[in-house]
Amino acid sequence: MDAASENPWIRLTDPDIGQREMNAVLTTMRSSRLSAGPAVEAFEVSFAAYAERTYAVAVSSGTTGLVLALRALGIGPGDEVIASPYSWHQIANAVVLVGATPVFVDMDYWSGTIMPGKVAEKITERTKAILAGNTNGHPAPWQGLRELASSRNLPLIEDTTEAIGSVYQGKRVGSFGDCAIFDFSQPSALVCGEGGMILTDDPRLASELRYLRSHGLDDRLSVSVGSRVACQASMSDISAALGLAQLDRLDEILARRKQVEGYYANHIQSFEGIKPPYLAPDVDEVHWFLYLVHLGTRFTRSARNQIIEDMATEKVEVACYCNPLHLQFFYSKFGYGKGNFFVTEKIADRALALPFHGHLSDDEVMFIVSTAKDSSINVGAGAAIY
């Protein structure tokens, strides 16, 4: 019996949830606090310690977290924020939600992140922040971005949704921005259903983030809090209990994913001309968000999509990694369209996200890779390259 018949579908993502998480959620559900309460506070303290940051503010999602961060930084209509159009979670959508204008820059071909030189070219007097992400787990060049941001007196915002556990120059991601944003929805390694976290070392910023996040019963008569309109964007205690239990097991969860990465490394060599995943010289460790295969230039977007359909026929869930923001209809109002960012479009058209989670077996990975290889041959485009 092959892997496909043993498992009706091989899913793209599958949260690593164990008895510890179930017990934590059940305990919270039996308590007197389901909304923001002691579990949220404990999760904030533990996550700040994990990332070696001073303050952590739990929120309802990563996008909401960035909305709050931008508001706390005083960014709104008339302002510009430099960002990447290439990512899985569209955290950058928060820029337009506060009324600011996104200014996209093309990605680096190898790392998928934005680079200081390209960012510098787009800075104007209206630029109020730089938003950079750790794309698919690979850290951005934070030293160069920090030097640029400091020289231009701009806040640096780190979107690290896709890279929990990755290490750059000896420090975990989440350490580099004036504030760092995490999202804990699938397919993050740490999953708590829906939710996010904002990290910072700035006490003023942390205080403002809490004011803007939500107003509690104790704040009803506060003049200072009442001067702001809050988003009511708290994380629930149920989500926080799940997240805290996941954080306690994070090393175990990441180790399982590393084992699956090893399975892929062994079997992916059956693709002719395959190359190992790229790691920049100053990157110490990468924990991939999803397992990406970059198809060769002989493949078209439609050929990539055909492979996705073929894989679905074999009950393997595969996805295109990214629909670039600048190609989405909403962003055409800012003057963006096809042809604006050559590297982003070239990579996005040919990026396949294969199933990646700690529950995959060696046999299942072998089946995924062999099925993808057969499909790539059938579409007539030749062999894939990484």
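These figures come from a predicted structure and were not determined experimentally.

1. Here's the deal with the sheet that holds strand S4 (residues 127-133)
An order of S1-S9-S8-S5-S4-S2-S3 is seen for the seven strands of this open sheet, with the pairing classed as mixed. Of all the strands in the sheet, the pair left with one neighbour each is strand S1 (55-59) and strand S3 (101-104). The sheet shows a mean angle of 25° between the axes of neighbouring strands, taken without regard to direction. Bridge analysis of S4 against strand S5 (residues 156-159) gives four bridges, and the strand direction is parallel.

2. Topic: helix H10 (residues 237-248)
Compared with the 16 Å implied by 1.5 Å per residue over 12 residues, the 16 Å span of H10 between its first and last C-alpha is a close match. For H10, the buried fraction is high: 10 of the 12 residues fall into the buried class. All of the buried residues in H10 are Asp 237, Ser 239, Ala 240, Ala 241, Leu 242, Gly 243, Leu 244, Ala 245, Gln 246 and Leu 247. Of the surrounding secondary structure, the elements contacted by the buried residues of H10 are helix H2 (19-29), helix H3 (38-51) and helix H11 (250-267).

3. Details of the nonpolar core
Leu 66, Leu 70 and Tyr 264 are the most contacted members of the largest nonpolar core, which has 78 residues in total. Element by element, the count of residues in this core is highest for helix H4 (residues 62-72), at six residues. In this structure, Leu 70 is in contact with Ile 75, Val 81, Ala 94, Val 95, Val 98 and Ile 157, ignoring residues within four places of it in sequence. With 28 residues, the next largest nonpolar core counts Val 40, Leu 199, Ala 240 and Leu 247 among its residues.

4. Points about the packing of aromatic side chains
Scanning the entire structure with this criterion turns up 19 aromatic pairs. For the pair Tyr 86 and Tyr 321, a centre-to-centre distance of 5.4 Å together with 50° between the ring planes defines the contact as tilted. Here Tyr 321 lies in the loop between strand S12 (319-320) and helix H13 (342-348) and Tyr 86 lies in the loop between strand S2 (80-83) and helix H5 (93-97), a separation of 235 residues in the sequence. Pair check on accessibility: Tyr 86 and Tyr 321 agree, each one buried. Here Tyr 109 and Trp 110 contribute two aromatic rings whose centre-to-centre distance is 5.0 Å and whose plane-to-plane angle is 85°, an arrangement assigned as edge-to-face. The class of Tyr 109 is partly exposed, set by a relative accessible area of 37%. A network of ring pairs unites the aromatic residues Phe 104, Phe 330, Tyr 331, Phe 334, Tyr 336 and Phe 341 as a single cluster.

5. Section: helix H14 (residues 362-378)
Between the first and last C-alpha of H14 there are 24 Å, a value that for 17 residues agrees with the 24 Å anticipated at 1.5 Å per step. By the burial criterion, the buried members of H14 are Glu 364, Val 365, Phe 367, Ile 368, Val 369, Thr 371, Ala 372, Ser 375 and Ser 376.

6. Describing the environment of Leu 73
If you trace the backbone, Leu 73 turns up in the loop between H4 and S2. Judged by relative accessible area, which is 27%, Leu 73 ranks as partly exposed. Separated by 135 residues in sequence, Leu 73 and Glu 208 place their C-alpha atoms 9.0 Å apart. Those residues within four positions of Leu 73 in sequence are excluded, and the remaining contacts are Pro 155, Ile 157 and Leu 205.

7. A short note on a nonpolar patch on the surface
A surface patch of nonpolar side chains, about 320 Å² in accessible area, is lined by Tyr 109, Trp 110 and Tyr 278. In this fold, Tyr 278 is placed in the loop between H11 and strand S10 (283-285). For Tyr 278, a relative accessible area of 31% translates into the label partly exposed.

8. What to know about the sheet that holds strand S13 (residues 351-354)
In a beta sheet, neighbouring strands pair by backbone hydrogen bonds and run either parallel or antiparallel. If you walk across this open sheet you meet the three strands as S11-S13-S12, and the pairing is antiparallel. Looking at strand neighbours, the two that pair on one side only are strand S11 (291-294) and S12, the edges of this open sheet. As judged from the four bridges shared by S11 and S13, these two strands associate in the antiparallel manner. Paired with Leu 292 across the two strands is Ala 353, which belongs to S13.

9. Observations concerning the state of the cysteines
Under the counting rule described, the total for this entry stands at zero disulfides. The thiol of Cys 320 is unpaired, and the distance to the nearest cysteine sulfur, on Cys 322, comes to 7.9 Å.

10. Quick notes on unusual backbone geometry
Gln 186 connects to Pro 187 through a cis peptide bond whose omega is 10°. Structurally, Pro 187 can be placed in the loop between strand S8 (179-183) and strand S9 (196-200). Here Asn 153, not a glycine, exhibits a phi torsion of approximately 60°, which is positive. One can find Asn 153 in the loop between helix H7 (142-151) and S5. Classification of Asn 153 as exposed rests on a relative accessible area of 69%. Of note in this structure, Gln 232 is not a glycine but carries a positive phi near 50°. Within the secondary structure, Gln 232 sits in the loop between helix H9 (223-226) and H10.

The rules we used
- Residues numbered from 1 in each chain as written.
- Predicted model: local features only at pLDDT ≥ 70, side-chain atom pairs only at ≥ 80, totals over all residues.
- Heavy atoms only, no water.
- Pairing = 2+ DSSP bridges.
- Helix = DSSP H or I, 4+ residues; strand = E, 2+ residues; numbered from the N terminus.
- Axes fitted to C-alpha atoms, helices over the stretch in contact; angles between N-to-C directions.
- Expected span 1.5 Å × (residues − 1).
- Buried < 20%, exposed > 50% of the residue type's maximum accessible area, 1.4 Å probe, protein only.
- Contact = heavy atoms within 4.5 Å.
- Core = buried A, V, L, I, M, F, W, Y, C linked by side-chain atoms within 4.5 Å.
- Phe/Tyr/Trp six-rings, centres within 6.5 Å; stacked < 30°, edge-to-face > 60°.
- Patch = residues over 30% accessible without salt bridge, like charges linked within 9 Å, V, L, I, M, F, W, Y side chains within 5 Å.
- Areas by Shrake-Rupley, 256 points an atom, 1.4 Å probe, with all protein chains shown as cover.
- Salt bridge = Lys/Arg side-chain N within 4 Å of Asp/Glu carboxyl O.
- Disulfide = S-S within 2.5 Å.

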